[in-house]
Amino acid sequence: MAVIDSGRGFNEGIARRLFEPFFTTRGAGTGLGLATVREIVRDFDGAMNVQSKPGGGSRFEAWLPAAKADDTDAVGPPKLPLGRGETVLVVEIDRDRLLRDEEMLAALGYEPVGFEHPGDAIAACRLNPDRFRFAPRQR
């Protein structure tokens, strides 16, 4: 899959940092988009390729392994249920993972509320008990 634009492009200094979490060339934003894309592509044993030059636009390629349509042994990731704005409390001490998980949940239609410290999550539940309803984790 390739995404190509005819925008202003970027130099090698920016290219070296593109996939760093929180790196952004914009004044607003979190800089998690490309870091998340790369993580997803890697999870599927794929690779990313980027080409750009200042004033000449950019090309982002995501390379994923092919699978035969009739290959009954091929098992993909489980289908994730789509949300309808339900609130999901997430506790993760690793900030990068927490932000990635929140971004993925938001993309699936949920409203993620993340905490790095369990005590903060418990306090939020006590402060607003109707916002969070316990549901066992599905495996």
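Below is a short write-up of the structure. These numbers come from a predicted model, not from an experiment.

## Remarks on the pairing of strand β3 (residues 58-63)
The two faces of a sheet get side chains in turn, since along a regular strand they alternate between them. The pairing of strand β1 (residues 2-5) with β3 spans four bridges and is classified as antiparallel. Within β3, the residue paired with Asp-5 across the bridge is Ser-58. Linking strand β2 (residues 47-52) back to β3 in an antiparallel pair, the connection comprises five residues, with Gly-55 at a positive phi of about 80°.

## Quick word on the sheet that holds β2
Strand order in the open sheet made by the three strands is β1-β3-β2, with antiparallel pairing throughout. Only two strands of the sheet have a single neighbouring strand rather than two, namely β1 and β2. Averaged over neighbouring strand pairs, the angle between their axes works out to 10° when direction is ignored. Set on the sheet, helix α2 (residues 33-43) makes contact with β2 and β3; between it and β2 the angle comes to about 140°.

## Details of the pattern of salt bridges
According to the stated counting rule, one finds six salt bridges in the structure shown. Glu-39 is the partner of Arg-100 in a salt bridge, and the nearest nitrogen-oxygen pair spans 3.8 Å. Taken together, the residues span a long stretch of sequence, with Arg-100 in helix α3 (residues 95-107) and Glu-39 in helix α2 at a distance of 61 residues. On the basis of relative accessible area, Glu-39 is assigned to the partly exposed category, the value being 30%. As a salt-bridge pair, Glu-61 and Arg-59 come within 2.5 Å of each other at their nearest N and O atoms. On the accessibility criterion, Glu-61 (10% relative accessible area) is buried. One network of salt bridges, in which partners are shared, links Glu-39, Arg-100 and Asp-101.

## Quick notes on unusual backbone geometry
If you check the backbone angles, Phe-22 has positive phi at about 75° while not being a glycine. You can see Phe-22 is positioned in the loop between α1 (12-15) and α2. By relative accessible area, Phe-22 is classed as partly exposed at 36%. Positioned with a positive phi, Asp-45 is a non-glycine residue whose angle comes to about 60°. Considering the arrangement of structural elements, one finds Asp-45 in the loop between α2 and β2. Judged by relative accessible area, which is 66%, Asp-45 ranks as exposed.

## A closer look at the packing of aromatic side chains
For the structure on display, the rule yields one aromatic pair. Ring centres of Phe-10 and Phe-60 lie 6.2 Å apart, and the angle between their planes is 45°; this geometry places the pair in the tilted category. One end of the pair, Phe-10, is in the loop between β1 and α1; the other, Phe-60, is in strand β3, with 50 residues separating them in the sequence. The two residues Phe-10 and Phe-60 agree in class, both being buried.

## Regarding α3
Its 13 residues give α3 an end-to-end C-alpha distance of 18 Å, which sits within 8% of 18 Å, the value for a rise of 1.5 Å per residue. Among the residues of α3, Leu-98, Leu-99, Glu-102 and Leu-105 are the ones counted as buried. Projected down its long axis, α3 carries its buried residues within an arc of 130°, all on one side. Elements that come into contact with the buried residues of α3 comprise β4 (87-91) and β5 (111-115). You can read the cap of α3 off the contacts: a side-chain oxygen lies 3.0 Å from the backbone nitrogen of Asp-96, and it is on Asp-94. In the segment just after α3, Gly-109 is the residue with positive phi, at about 100°.

How each quantity is defined
Residues numbered from 1 in each chain as written. Predicted model: local features only at pLDDT ≥ 70, side-chain atom pairs only at ≥ 80, totals over all residues. Heavy atoms only, no water. Pairing = 2+ DSSP bridges. Helix = DSSP H or I, 4+ residues; strand = E, 2+ residues; numbered from the N terminus. Axes fitted to C-alpha atoms, helices over the stretch in contact; angles between N-to-C directions. Contact = heavy atoms within 4.5 Å. Salt bridge = Lys/Arg side-chain N within 4 Å of Asp/Glu carboxyl O. Buried < 20%, exposed > 50% of the residue type's maximum accessible area, 1.4 Å probe, protein only. Phe/Tyr/Trp six-rings, centres within 6.5 Å; stacked < 30°, edge-to-face > 60°. Expected span 1.5 Å × (residues − 1). Arc of directions from axis to C-beta. Polar contact = N/O pair within 3.5 Å; in protein donor to acceptor, adjacent residues only side chain to side chain.

Read these as layout, nothing more, since geometry by itself doesn't imply function.
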